[in-house]
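Each chain is listed here by its residues.
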Amino acid sequence: MLSLSYHQLRKGTHLVCFLVFVCLPFVDVLRFDIPRQRFYFAGQELWINELAIMFFALMFLMALIGAAAMIYGRVYCSFLCPQMIFSEAAVSLERWMGRLVRRRASRLGLKARDRVAKALFYALMVPASVFLAFVFIAYFVEPADLWARLLSLDLVTAGGIAGAATTLLTFLDFAFVRLRFCTTACPYGYLQAMLADRGTLLVRYSEETAQCIECRKCVRVCPMDIDIRASPHQIECVHCGECIDACDEVLGNLGREGLIRYAWGDRGTAPLSAGAKWYQRLGLRDAKRFAILLVLLFYASGLAIALSMRHPVLVRLSPDRSTLYTLTDAGEVLNRYHVTIANRGRHDARVSIVIDGLDRAHLVIQENPILVRAGEMTQRDFQIERQAGPVDLAVIHFTLSTKTVPDGDAMLFPMTFITPSERGSM
Ligand code: SF4
Ligand code: SF4
C-alpha cells in the first residue's frame with residue numbers, strides 16, 4: 001500500500017486547497033458580493049433577505065468549525081488554512097532563492113549574496129501578493145469588476161483603495177509576519193484552545209524518553225520553532241506532524257520506532273490504533289462528539305431543505321386596499337393589486353399573471369408577462385376589472401396564479417375582490 005509521510009500528505013493537501021481557494025470565487029461556490037449584497041453558495045445566488053438559507057449556512061459553518069476544533073485540534077491550521085499554506089510557501093521560496101543565489105553568484109561576498117537573494121525574493125512577492133489579494137477580494141467583489149479596476153490601476157474609488165491596501169497587507173503578511181500570525185492574532189487558534197478537551201487530537205511525545213537520542217531534528221523541522229518534547233499542549237503547535245516524520249526517519253534508520261505520535265488526548269490511543277471501530281478512528285469517541293455530529297447534521301439538513309425549496313424567481317402578490325374598489329362609468333368594478341418580482345437567477349425571466357375563479361373579470365396591466373432581468377427586482381401595480389353581477393357578494397374569493405418562464409415555476413395566491421354592497425364610488 002502507498003505510504004505517505006505527513007509532510008507529503010500536507011503538501012498534497014496544500015496544493016488542492018490552493019486550487020480550491022483560487023477557483024471558488026470564480027465558480028460562485030462561495031462568495032459574498034458586498035457591493036451587490038448577494039451571497040453565492042453552492043452555485044446559488046442568494047439575496048441578503050433569504051434569511052432561512054443564510055441562517056442555516058452560517059450555523060452549519062459555525063458548528064463545523066466548532067466540531068473540527070474539538071475533535072481534530074489544529075489539524076485545520078496545518079493542513080487547510082490559507083495563511084499557513086502561503087506562509088510556508090513564502091518560507092520555502094525564500095530559502096530556495098537563497099540557495100540559488102549562493103550557487104549562481106559565488107563571486108559575491110556572503111552579505112551581498114544575502115542582499116541579492118532578499119531583493120529577488122521581495123520582487124517575486126510583489127506579483128504573488130497582487131495575485132493572492134485579487135483572489136481574496138474576488139470573494140467579496142464580482143471578479144470581472146475587480147479585473148477592470150486592476151487594469152485601470154484604480155486608486156481613487158473606495159474599491160480600488162481597498163484593493164491596494166489588501167495587496168500591501170498581503171505582501172507584508174507573507175514577506176514578514178507569516179506564521180507569527182498563527183500564534184499571536186489568529187482567532188481560530190484561540191477558539192481551538194477553548195474548545196479542546198481531554199480527547200482532542202494532539203501530537204504527543206512518547207513517555208519512553210530514554211529512547212531519545214537528542215538529535216533535535218524534531219525541533220529543526222518544526223515550522224513553529226517549538227520543541228514538542230516539552231509538552232503536547234503548547235499553543236504554538238499546529239499539529240502538522242512534521243516532527244513525527246522527522247523522528248520516524250531518524251530512529252527508523254536505527255531500526256527503532258519514532259517517539260512522536262498523533263493521539264486522542266494525553267492518555268488516548270493513536271487515531272488508527274488496531275481494534276478501534278471506524279467511528280472511533282474518525283474521532284467519534286464519546287457522547288459529546290456524537291451530539292455535535294447530530295447538531296451538524298441538523299443544520300446540514302435544514303440548509304439542504306431551504307435550498308431545495310428555493311425559487312430563483314420570487315413572486316409576491318398582494319391587494320392594494322388604499323382604495324377598496326372603484327366604479328367605472330360603464331358600471332364595472334375595479335380592484336387594485338400589487339406585484340413584486342425578484343429574479344435571483346442567472347437568466348432573464350418572464351412572469352405571467354392569470355385570474356382563476358373570478359368570472360367576467362380581466363386584468364388591466366401594462367405588461368403581461370412581465371420581463372424581469374437576471375439579478376433585478378421589479379414592482380408593478382395593476383387592476384382587475386369586472387362586470388358587476390346581479391347577486392354579487394361584498395367579498396369574492398378567487399385565485400391569482402403566476403407562471404415563470406423559463407423555469408416553469410407556478411405559484412397560486414388566494415385573493416379577494418371587493419364589490420360595492422350599495423352602488424357608489426368610494
Ligand atoms: S511540534 Fe510538531 S506537530 Fe507541532 S507544530 Fe511543531 S512540527 Fe508541527
Ligand atoms: S527527532 Fe526523535 S530522537 Fe531526535 S530529538 Fe526529536 S524526539 Fe528525540
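Just so you know, these numbers come straight off a predicted model, no measurement behind them.

## Brief notes about the overall build of the chain
Okay, step 1: For the chain, the count of helices and strands is 13 helices and 14 strands.
Okay, step 2: Overall, the chain is about 105 × 60 × 35 Å in size when its C-alpha atoms are taken along their principal axes.
Okay, step 3: Expressed as a percentage of the 426 residues in the chain, the buried residues total 23%.
Okay, step 4: Considering only contacts within the chain whose residues lie at least 6 apart along the sequence, 66% involve residues at least 24 apart.

## Some words on the sheet that holds strand E11 (residues 370-372)
Okay, step 1: The strand order across the open sheet formed by four strands is E11-E9-E13-E14, and the pairing between neighbours is antiparallel. Both outer strands of the open sheet, E11 and strand E14 (410-418), are each paired with one neighbouring strand and no more. Neighbour-to-neighbour, the strand axes of this sheet turn through a mean angle of 30 degrees, independent of strand direction.
Okay, step 2: Across three bridges, strand E9 (residues 349-356) lies against E11 in antiparallel orientation. Residue pairing across strands places Val351 opposite Ile370, the latter belonging to E11.

## What to know about the site of ligand 1
Okay, step 1: Residues in contact with ligand 1 amount to 13 residues; listed here are only the nearest, Cys222, Ile228, Cys237, Cys240 and Cys243.
Okay, step 2: Partitioning the shell around ligand 1 into residue classes produces ten nonpolar, two polar and one charged.

## So, the domain arrangement of the chain
Okay, step 1: Taken domain by domain, the chain holds domain 1 (16-49 + 81-192), domain 2 (197-271) and domain 3 (313-418).
Okay, step 2: The straight-line distance from the C-alpha centre of domain 2 to that of domain 3 is 70 Å.

## Comments concerning the site of ligand 2
Okay, step 1: Around ligand 2, a shell composed of 14 residues is seen, among which Cys212, Cys215, Lys217, Cys218 and Cys247 lie nearest.
Okay, step 2: If you tally residues by element for the shell around ligand 2, the top one is helix H11 (residues 242-253), at four residues.
Okay, step 3: Here the residues of the shell around ligand 2 sort into ten nonpolar, no polar and four charged.

## Examining helix H1 (residues 6-23)
Okay, step 1: Helix length check: H1, at 18 residues, gives a terminal C-alpha distance of 25 Å against a target of 26 Å (1.5 Å per residue), a fit within 8%.
Okay, step 2: Restricting attention to buried positions, one finds in H1 the residues Tyr6, Arg10 and His14. One side of H1 holds all its buried residues, which, seen down the axis, span an arc of 75 degrees. The outward face of H1, more than 90 degrees from its buried face, is lined by the exposed residues Gln8, Gly12, Leu15, Val16, Leu19 and Cys23.
Okay, step 3: Where the residues of H1 are buried, they touch helix H3 (75-79), helix H4 (82-104) and H11.

## Quick look at the packing of H4 against helix H5 (residues 110-137)
Two measures define how a pair of helices packs: the angle their axes make with one another and the distance between the axes.
Okay, step 1: Contact geometry for H4 and H5: axes closest at 9 Å, N-to-C directions at 145 degrees. At the point where H4 passes H5, the crossing takes the right-handed sense. Here Phe86, Leu93, Glu94, Met97, Gly98, Val101 and Arg102 of H4 lie close against H5, whose contacting residues are Arg113, Val116, Ala117, Leu120, Phe121, Leu124 and Leu132.
Okay, step 2: Across the contact of H4 with H5, the residue classes break down as ten nonpolar, one polar and three charged.

## Here's the deal with the sheet that holds strand E1 (residues 30-33)
Okay, step 1: Read across the sheet, three strands follow the order E1-E2-E3 without closing on themselves; strand pairing throughout is antiparallel. In this open sheet, the two edge strands, each paired with only one partner strand, are E1 and strand E3 (44-47). This sheet shows a mean twist of 20 degrees between the axes of neighbouring strands, independent of strand direction.
Okay, step 2: Relative to E3, strand E2 (residues 38-41) runs antiparallel, the two sharing four bridges. Counted as the bridge partner of Phe39 is Leu46 from E3.

## With respect to the environment of Ala394
Okay, step 1: Locating Ala394 in the fold gives a position in the loop between strand E12 (377-387) and strand E13 (395-405).
Okay, step 2: By the C-beta count within 10 Å, which is 13 here, Ala394 ends up partly exposed.
Okay, step 3: Spatially, the C-alpha atom of Ala394 lies 41 Å from that of Ile53, the residues being 341 residues apart in sequence.

## Considering the nonpolar core
Okay, step 1: Within the largest apolar cluster, 41 residues are counted, with the highest numbers of intra-cluster contacts made by Val203, Val238, Cys243, Cys247 and Ile260.
Okay, step 2: Elements supplying a minimum of two residues to this core: helix H2 (51-72), H3, H4, H5, strand E4 (201-205), H11 and strand E5 (260-264).
Okay, step 3: At five residues, H5 tops the list of elements feeding residues into this core.
Okay, step 4: When residues of this core are assigned to domains, at least three map to each of domain 1 (16-49 + 81-192) and domain 2 (197-271).
Okay, step 5: Not counting residues within four places of it along the chain, the set of residues in contact with Ile260 comprises Val203, Tyr205, Ser206, Cys218, Ile228, Cys243, Ile244 and Cys247.

What counts, and at which threshold
Residues numbered from 1 in each chain as written. Chains lettered and ligands numbered in written order. Predicted model: local features only at pLDDT ≥ 70, side-chain atom pairs only at ≥ 80, totals over all residues. Helix = DSSP H or I, 4+ residues; strand = E, 2+ residues; numbered from the N terminus. Buried ≥ 20, exposed ≤ 12 C-beta atoms within 10 Å, placed from the backbone. Contact = placed C-beta atoms within 7 Å. Pairing = 2+ DSSP bridges. Axes fitted to C-alpha atoms, helices over the stretch in contact; angles between N-to-C directions. Near = placed C-beta within 6 Å. Nonpolar A, V, L, I, M, F, W, Y, C, P; charged D, E, K, R; others polar. Domains from an automatic or database assignment. Expected span 1.5 Å × (residues − 1). Arc of directions from axis to C-beta. Left-handed = near helix turned anticlockwise from the far one by under 90°. Core = buried A, V, L, I, M, F, W, Y, C linked by C-beta atoms within 7 Å.

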